[in-house]
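Summary of structural features
Chain by chain, the residues:
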Amino acid sequence: MTDDRKEKDKPEDLERGDRREFLKRGAALAGGLSLGAAESAIGQAPAPEPENMIMGTTELGAYGKRSRFETSVRIPHGGRPSPDAFGLDFHIAAPLQESVGVITPSSLHYVGTTRGSFVPDINPEDHRLMIHGMVDRPLIFTLEELKRLPSVTRLHFIECAGNRSNRRHKTVQETHGMTSCAEWTGVLLSTLLNEAGVQEDGDWIVAEGVEEVKGASSIPMSKAMEDCLICYGMNGEAVRPQQGYPLRLLVPGFEGILSVKWLRRIKVVDQFYMTYNDYGHLHQDSDTAALGMQIGPKSVITFPSGEQQLPGPGFYEISGLAWSGGGAVTKVEVSTDGGRNWMDAEIRGTAHRMAHTRFSFQWNWDGNECELQSRCTDELGSIQPSRAQIAEFWNQPPDQPVRVRGQDNSIQPWRIASDGSVHNAIS
Ligand SMILES: Nc1nc2c(c(=O)[nH]1)N[C@H]1C(S)=C(S)[C@@H](COP(=O)(O)O)O[C@H]1N2
Ligand SMILES: [Mo]
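None of these values were measured; they are calculated from a predicted model.

Thoughts on the sheet that holds strand E3 (residues 128-133)
- Within the open sheet, the five strands sit side by side as E4-E3-E12-E7-E8. Their pairing is mixed. Pairing within the sheet leaves two strands with one partner each, and these edge strands are strand E4 (139-142) and strand E8 (217-220). Across the sheet, the mean angle separating the axes of adjacent strands is 20° when strand polarity is ignored.
- Looking at chain direction, E3 and E4 are connected through four bridges and run antiparallel. Opposite Arg128, over in E4, you have Thr142 as the bridge partner.

Re the nonpolar core
- In this structure, Trp184, Trp363 and Ile416 are the most contacted members of the largest nonpolar core, which totals 45 residues.
- In terms of residue count, strand E14 (residues 314-323) provides more of this core than any other element does, five residues in total.
- For this core, the domains that each give at least three residues are domain 1 (75-282) and domain 2 (298-424).
- What Ile416 contacts, discounting residues up to four positions off in sequence, is Pro304, Leu310, Trp363, Trp365, Asn368, Glu369, Cys370, Leu372, Ser421 and Val422.
- Counting 35 residues, the second largest nonpolar core, distinct from the first, contains Leu192, Ala207, Leu258 and Ile266.

Some thoughts on a negative patch on the surface
- A contiguous patch of negative charge on the surface is contributed by Glu125, Asp126, Glu144 and Glu145.
- Here Glu145 is to be found in helix H4 (residues 143-148).

Topic: the state of the cysteines
- For the structure shown, the criterion picks out zero disulfides.
- Cys228 provides the cysteine sulfur closest to Cys231, a residue in no disulfide bond, and the two sulfurs are 9.7 Å apart.

Brief notes about the pattern of salt bridges
- Applying the stated rule across the entire model yields 11 salt bridges.
- Taking the shortest distance from any N to any O, the salt bridge between Arg265 and Glu208 comes out at 2.9 Å. One end of the pair, Arg265, is in strand E12 (residues 265-269); the other, Glu208, is in strand E7 (residues 204-208), and 57 residues separate them in sequence.
- Residue classification places Arg265 among the partly exposed residues on the basis of a relative accessible area of 25%.
- Taking relative accessible area as the criterion, Glu208 reaches 9% and is therefore assigned buried.
- For Glu346, the salt bridge identified is with Arg348, shortest N-O distance 3.4 Å.
- The exposure class assigned to Glu346 is partly exposed, which follows from its relative accessible area of 40%.
- When salt bridges with common partners are traced through the structure, they connect Glu208, Arg264 and Arg265 into a single cluster.

Definitions and cut-offs
- Residues numbered from 1 in each chain as written.
- Chains lettered and ligands numbered in written order.
- Predicted model: local features only at pLDDT ≥ 70, side-chain atom pairs only at ≥ 80, totals over all residues.
- Heavy atoms only, no water.
- Pairing = 2+ DSSP bridges.
- Helix = DSSP H or I, 4+ residues; strand = E, 2+ residues; numbered from the N terminus.
- Axes fitted to C-alpha atoms, helices over the stretch in contact; angles between N-to-C directions.
- Core = buried A, V, L, I, M, F, W, Y, C linked by side-chain atoms within 4.5 Å.
- Buried < 20%, exposed > 50% of the residue type's maximum accessible area, 1.4 Å probe, protein only.
- Domains from an automatic or database assignment.
- Contact = heavy atoms within 4.5 Å.
- Patch = residues over 30% accessible without salt bridge, like charges linked within 9 Å, V, L, I, M, F, W, Y side chains within 5 Å.
- Areas by Shrake-Rupley, 256 points an atom, 1.4 Å probe, with all protein chains shown as cover.
- Salt bridge = Lys/Arg side-chain N within 4 Å of Asp/Glu carboxyl O.
- Lys, Arg positive; Asp, Glu negative; His and termini not counted.
- Charge placed at Lys NZ, Arg CZ, Asp CG, Glu CD.
- Disulfide = S-S within 2.5 Å.

Written as structure tokens, this is what we have:
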């Protein structure tokens, strides 16, 4: 009984507490949100007429879908149509501008394909995963067998190395939409490798998918043993076909290309193998290549972001996503004056390792033109660089547009014009 009461009282108390806090802040901020107007509207939404009700059992009963009033969708990335004239899927970007929390719904998860992939239609009963090469006991697993093994469930982002911002991009979907975060379930790769028995010189693995170019990637054994997952689950259901159904490799925090979809083979080898996917590392030795695979600390403000419109001066919650291949996000800072002054943002929820982390910052816009930026620090103490810092690092002439080489984890600036319109501020 007492417990029941507590449970019931809690949300209300919290709500009241928050509201009081909010009112205090609101009073302190000249020109803050007009609470009176908001208050009088509460409870006045008309109840829907019966003919406007969706009959759950018929339309939504078997597999739910979102409200018809929610319209955000994925878009082709990099100006290439997807699907193209041949029906091939290319990179498509997630609508981060509409995102809340940290999970990307599976339907909106970005899609990366190395070669304009068809999406294989795999019957899980026919699918096998082979572990072979420099192991004592080569193994072949069915899906059923994998699901009998100890499982883990973890939040992880994936990001394509091609997720880069430039001044032509208008929205955050264009600048940053090639990353997403999901709850992944599967078996630790180390469980399978230990079962197979990795031999002395087995320093690398090559992972392979089912398509003609294999989607193969070389991954260092240390990473394979540390935290790589063989996933069959995503956001509470089976991995979606575009994400690798029925089985995908997940290499947390490393370039997305290594997270091989439609995974069918892992070969333990003694060196870095140059696969189709590894062309980006062509000029590097294997140690450098392995290091270059890890994604640096990165963040972006999703609200307000490019092409959004602020209705006028007053209170706003700046909101965004931060992540790092180096572990958990430990700090996010926000600047409202183009990077001169930085203030700590609040981290919303738990900062999981190699996962999108939601941050927010309470802001009162005075109506003057300004520039918003966010900056991420991860558990290694690495700090997200500005584009100017990157230019300086590469000795680029200061009067020319910055060219980011390799992965782009540069700070994204958004300019708020005095009419409330929001623009990409990369010059
Ligand atoms: N088999 C296979 N795996 C693949 C690819 C592919 O084309 N084939 N694309 C890679 C690339 S380039 C990226 S960025 C990620 C994208 O994962 P997602 O489509 O689930 O977002 O998958 C990687 N795994
Ligand atoms: Mo990618």
